[in-house]
Amino acid sequence: MPSSSALYPGSFDPVTNGHLDILDRSLSLFKHVTIVVAGNTSKNALFLPEERVELIREVVSDRKNVDVEYYSGLIMEYAAEKKVGAVIRGLRAASDFEYEFMMASMNKNLNSNVETVFMMTSQNLFFVSSSMIRELAYYGGDITPYVPSVVAKKVKEKLLSLAPSNNRPGGLHV
Ligand code: COA
């Protein structure tokens, strides 16, 4: 049976305008989208999972038919548990393709009832990534064109709380 809802998993560390672009376009295809903050064992995170969930909830609070959850297991298990038949992934550049192809293939093996739906990231945002946002903010660059204002504020606060006051890069002086 066709799925009316979808999961949108990712590490969202932090959520960017690129993610929101994919979310909004997904909402024109699916009645309901659950954003799933999920673990990625190969990444060192800036924000704790619960901080990311809280931040995304704040950012999407004006949207209907969206919720935000954290899940620490396999996305395909979560999809089975929630009886969801589709997983959304954003594709930015050719460099994303191989990793996404492998992950979609593994996920298909894990749960053949779930389809991965790929959406091309809008052209004005294809170069944005969470790690680039973190790096730009760390060195004092302006991240406000690429993330919601509340995210920009939280990223700066988080970096300030982590950097010792006697060893801060130029952008982190207050
Ligand atoms: N606009 C801007 N940036 C985007 C984007 C978009 N539309 N879509 C993705 N990105 C960026 C992200 O910011 C992220 O940047 P980063 O690498 O600098 O952090 C990067 O692209 C990867 O995107 P993301 O969607 O966060 O994927 P991920 O690789 O971090 O996460 C999971 C992948 C969490 C979905 C995956 O590891 C997972 O499902 N984990 C749970 C366990 C599991 O089921 N594994 C799969 C089977 S083994």
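Described in the following lines is the structure provided in the data block. (Residues numbered from 1 in each chain as written. Predicted model: local features only at pLDDT ≥ 70, side-chain atom pairs only at ≥ 80, totals over all residues. Heavy atoms only, no water.)

1. What about the site of the ligand?
Here comes step 1: Close to the ligand lie 25 residues; Ser-11, Lys-43, Tyr-99, Ser-130 and Ser-131 are nearest.
Here comes step 2: Take Ser-11: an N or O atom from its side chain is 2.5 Å from an oxygen atom of the ligand.
Here comes step 3: Between the ligand and the protein, one listed contact pairs an oxygen atom with a side-chain N or O atom of Arg-92 at 3.0 Å.
Here comes step 4: Contact with the protein chains covers 85% of the free accessible surface of the ligand, which is 930 Å².
Here comes step 5: Sorting the residues of the shell around the ligand by element identifies strand E1 (5-10), helix H1 (17-26), helix H4 (94-110) and helix H5 (130-138) as the ones contributing at least two each.
Here comes step 6: In terms of residue class, the shell around the ligand is made up of nine nonpolar, 13 polar and three charged. (Near = heavy atom within 4 Å. Polar contact = N/O pair within 3.5 Å; in protein donor to acceptor, adjacent residues only side chain to side chain. Areas by Shrake-Rupley, 256 points an atom, 1.4 Å probe, with all protein chains shown as cover. Helix = DSSP H or I, 4+ residues; strand = E, 2+ residues; numbered from the N terminus. Nonpolar A, V, L, I, M, F, W, Y, C, P; charged D, E, K, R; others polar.)

2. Concerning the side chain of Arg-52
Here comes step 1: You can see Arg-52 is positioned in helix H2 (residues 49-59).
Here comes step 2: Judged by relative accessible area, which is 8%, Arg-52 ranks as buried.
Here comes step 3: Of note is the side chain of Arg-52, whose polar atom sits 2.8 Å from the backbone oxygen of Ser-11. (Buried < 20%, exposed > 50% of the residue type's maximum accessible area, 1.4 Å probe, protein only.)

3. Details of H1
Think of an α-helix as 3.6 residues a turn; residues three or four steps apart then line up on the same face.
Here comes step 1: Of all ten residues making up H1, seven are buried, and the element is well covered by its neighbours.
Here comes step 2: For H1, every residue scored as buried is listed here: Gly-18, His-19, Leu-20, Asp-21, Ile-22, Leu-23 and Ser-26.
Here comes step 3: The N-cap residue of H1 is Thr-16: its side-chain oxygen and the backbone nitrogen of Gly-18 are 3.1 Å apart.

4. Some words on the nonpolar core
Here comes step 1: Counting 33 residues, the largest nonpolar core has Tyr-8, Leu-23, Ile-35, Ile-56, Val-60 and Ile-88 as its most contacted members.
Here comes step 2: Residue assignment for this core shows that the elements contributing at least two residues are E1, H1, strand E2 (32-38), H2, strand E3 (66-71), strand E4 (86-91), H5 and helix H6 (149-162).
Here comes step 3: Once residues within four sequence positions are removed from consideration, Leu-23 is found in contact with Tyr-8, Val-33, Ile-35, Val-60, Arg-63 and Val-66.
Here comes step 4: Membership of the second largest hydrophobic core comes to eleven residues, among which are Val-36, Ile-75, Met-76 and Val-87. (Core = buried A, V, L, I, M, F, W, Y, C linked by side-chain atoms within 4.5 Å. Contact = heavy atoms within 4.5 Å.)

5. Considerations on the pairing of E2
Here comes step 1: Most of E2 sits out of view: six of its seven residues are buried.
Here comes step 2: Looking at chain direction, E1 and E2 are connected through six bridges and run parallel. Across the sheet, Leu-7 pairs through a bridge with Thr-34, a residue of E2.
Here comes step 3: Regarding topology, H1 serves as the crossover connection from E1 to the parallel E2, and that connection is right-handed.
Here comes step 4: Where E2 and E3 come together, six bridges link them in parallel fashion. Opposite Thr-34, over in E3, you have Asp-67 as the bridge partner.
Here comes step 5: Since E2 and E3 lie parallel, the crossover through H2 that links them has a hand, and here it is right-handed. (Pairing = 2+ DSSP bridges. Right-handed = clockwise from strand over helix to strand, strands pointing away.)

6. Side note on the packing of aromatic side chains
Here comes step 1: Evaluation of the coordinates by the stated rule reveals six aromatic pairs.
Here comes step 2: Taking the centre distance of 4.9 Å and the plane angle of 85 degrees together, the rings of Tyr-138 and Tyr-139 count as edge-to-face.
Here comes step 3: Given a relative accessible area of 58%, Tyr-139 falls into the exposed group.
Here comes step 4: Taken together, the aromatic side chains of Phe-126, Phe-127 and Tyr-146 make up a single cluster linked through ring pairs. (Phe/Tyr/Trp six-rings, centres within 6.5 Å; stacked < 30°, edge-to-face > 60°.)

7. Observations concerning the pattern of salt bridges
Here comes step 1: Under the counting rule described, the total for this entry stands at eleven salt bridges.
Here comes step 2: A salt bridge links Arg-134 to Asp-13; the shortest N-O distance between them is 3.4 Å. Linking Arg-134 in helix H5 with Asp-13 in the loop between E1 and H1, this pair joins segments that are 121 residues apart in sequence.
Here comes step 3: Under the relative-accessibility criterion, Arg-134 is labelled partly exposed at 21%.
Here comes step 4: The residue Arg-63 makes a salt bridge to Asp-62 at a minimum N-O spacing of 3.3 Å.
Here comes step 5: Several salt bridges share partner residues, and in doing so they unite Asp-13, Arg-52 and Arg-134 into one network. (Salt bridge = Lys/Arg side-chain N within 4 Å of Asp/Glu carboxyl O.)

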